[in-house]
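# Results of the structural survey
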Amino acid sequence: MTTPPPIDAVLAELVEEFDLLGDWEGRIEYVIDLGKDLEPLPEADRIEANKVPGCAAQVWLASGREGDRLTFRADSDSALSKGNIALLLRLYSNRTPAEILGFDARAALDRLGLPSALTRQRANGLNSMVGRIRDAAAAG
C-alpha cells in the first residue's frame, strides 16, 4: 500500500476541483460521479453492523487495517450518498487513526460547501458517515 498525500493536500485538491465546477448543480453531479468510481462492496460487508444510521439512504461502511493505517470500503443504494462516501474515502482511507482524529472534517466539508448544498437529512447522513469513520479511528 502506498502512503497517500497528506490529508490537507487532498482537501486542497478537492477545493480546487469544486471551485472549477462553479454552481451547485455541477458540484453535485461531480460528487455523484465520484461515487461511480467506488469499488463494489462485497456482499459479506453489506451487514447491519456496517450500516450507517441517520442517512437518508442505505449506506454501508466497512473498515479494515493495513499496518498502522485504516482502510474503508463503502457503498450506498443512492447515487448522491455513494458520492458523498466516495469523497470521504478519498480524504480518510489509508490514514492513521491520529491523522483521522486530527482532521477537522466539519471545517473541511464547510470549505467545500457541501453541507449547505444538501438537504438537512442528507447533511445529517454525511455527518453520520464522518462519525463512523472517526469512531473506527478512535477504536484504534
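Counting restarts for each chain, with residues numbered from 1 along the sequence as it is written. Local features in this predicted model are restricted to residues whose pLDDT is 70 or higher, and side-chain atom pairs enter the listing and the counts only when it is 80 or higher, whereas totals over whole chains, interfaces and linings include all residues. The basis for every side-chain value is the complete set of non-hydrogen atoms in the structure, without hydrogens or water.

## Here's the deal with the overall build of the chain
The helix and strand inventory of the chain stands at 7 helices and 2 strands. In terms of its C-alpha atoms, the chain occupies a principal-axis envelope of roughly 40 × 30 × 25 Å. For each residue, the accessible area found with a 1.4 Å probe, counting protein chains only, is set against the maximum for its type, and the residue is called buried under 20%, exposed over 50%, and partly exposed in between. Each of the 140 residues in the chain was classed as buried or not, and the buried ones make up 46%. With an accessible surface of roughly 7,100 Å², the chain has 50% of that area assigned to carbon and sulfur atoms. A run of H or I in DSSP counts as a helix once it spans at least four residues, and a run of E counts as a strand once it spans at least two, with each numbered from the N terminus. Under the convention used here, a 1.4 Å probe and the Shrake-Rupley method define accessible areas, while residue burial counts only the protein chains that appear.

## Regarding the nonpolar core
Core analysis: the largest hydrophobic core is formed by 42 residues, its most contacted members being Phe-72, Leu-87, Leu-88, Leu-91 and Tyr-92. Considering every element that reaches this core, the biggest residue donor is helix α3 (residues 79-92), with 8 residues. When sequence neighbours within four positions are dropped, the list of residues in contact with Leu-87 reads Leu-14, Phe-18, Leu-34, Leu-109, Leu-112 and Leu-114. Definition of nonpolar core: a set of buried residues of the types Ala, Val, Leu, Ile, Met, Phe, Trp, Tyr and Cys, connected through side-chain atoms within 4.5 Å. Any two residues whose heavy atoms approach within 4.5 Å are treated as being in contact.

## Some remarks on the side chain of Asp-45
Within the fold, Asp-45 resides in the loop between α2 (24-36) and β1 (59-66). Setting aside residues no more than four positions away along its own chain, Asp-45 makes contact with Asn-50, Trp-60, Ala-62 and Arg-73.

## Quick notes on the packing of helix α1 (residues 7-21) against helix α5 (residues 105-112)
Close contact between α1 and α5 brings their axes to 9 Å; oriented N to C, the two are set at 20 degrees. Between α1 and α5, the interaxial angle falls into the category roughly parallel. Relative to α5, the crossing made by α1 is right-handed. Where α1 approaches α5, its residues Leu-11, Leu-14, Val-15 and Phe-18 are matched on the opposing element by Ala-108, Arg-111 and Leu-112. Looking at the contact of α1 with α5 residue by residue, the classes come out as 6 nonpolar, no polar and 1 charged. Inter-axis angles, ranging from 0 to 180 degrees, are taken between N-to-C directions of lines fitted to C-alpha atoms, where helices are fitted over the stretch in contact. Should an angle lie under 35 degrees it is considered roughly parallel, over 145 roughly antiparallel, and from 65 to 115 roughly perpendicular; all remaining angles are considered oblique. In this scheme the crossing of two helices becomes right-handed for a clockwise turn of the near helix relative to the far one and left-handed for an anticlockwise turn of less than a right angle. Residue polarity is assigned by list, with Asp, Glu, Lys and Arg as charged and Ala, Val, Leu, Ile, Met, Phe, Trp, Tyr, Cys and Pro as nonpolar; anything else, Gly included, falls into the polar class.

## A closer look at the pairing of β1
A pair of strands counts as paired when DSSP detects no fewer than two bridges linking them. Pairing analysis gives 8 bridges linking β1 to strand β2 (residues 69-76), with the strands arranged antiparallel. Paired with Trp-60 across the strands is Asp-75, a residue of β2.

## What to know about the packing of aromatic side chains
Centre distance within 6.5 Å is the pairing criterion for rings of Phe, Tyr and Trp, where only the six-membered ring of Trp is used; planes under 30 degrees apart are then read as stacked, over 60 as edge-to-face, and the remainder as tilted. Evaluated as defined, the whole model comprises 3 aromatic pairs. With a centroid separation of 5.8 Å and an interplanar angle of 90 degrees, the aromatic rings of Phe-18 and Tyr-30 are classed as edge-to-face. Note that Phe-18 is positioned in helix α1 and Tyr-30 in helix α2, a separation of 12 residues in sequence. Note on Tyr-92 and Phe-103: the rings are 5.9 Å apart at their centroids and 80 degrees apart in plane angle, and the pair reads as edge-to-face.

## Some points on α1
Look at α1: 21 Å from first C-alpha to last across 15 residues, which is about the 21 Å you get at 1.5 Å a residue. Every buried residue of α1 is accounted for by Ile-7, Val-10, Leu-11, Leu-14, Val-15 and Phe-18. Considered in projection along α1, the buried side chains sweep an arc of 140 degrees and stay on one side of the axis. Exposed positions of α1 whose direction lies more than 90 degrees from the buried face are Glu-16, Asp-19 and Leu-20. For α1, the elements touching its buried residues are α2, α3, α5 and α6 (114-117). The span one expects for a helix is its residue count, reduced by one, times 1.5 Å. Arc, as used here, means the arc of the directions from the helix axis to the C-beta atoms.

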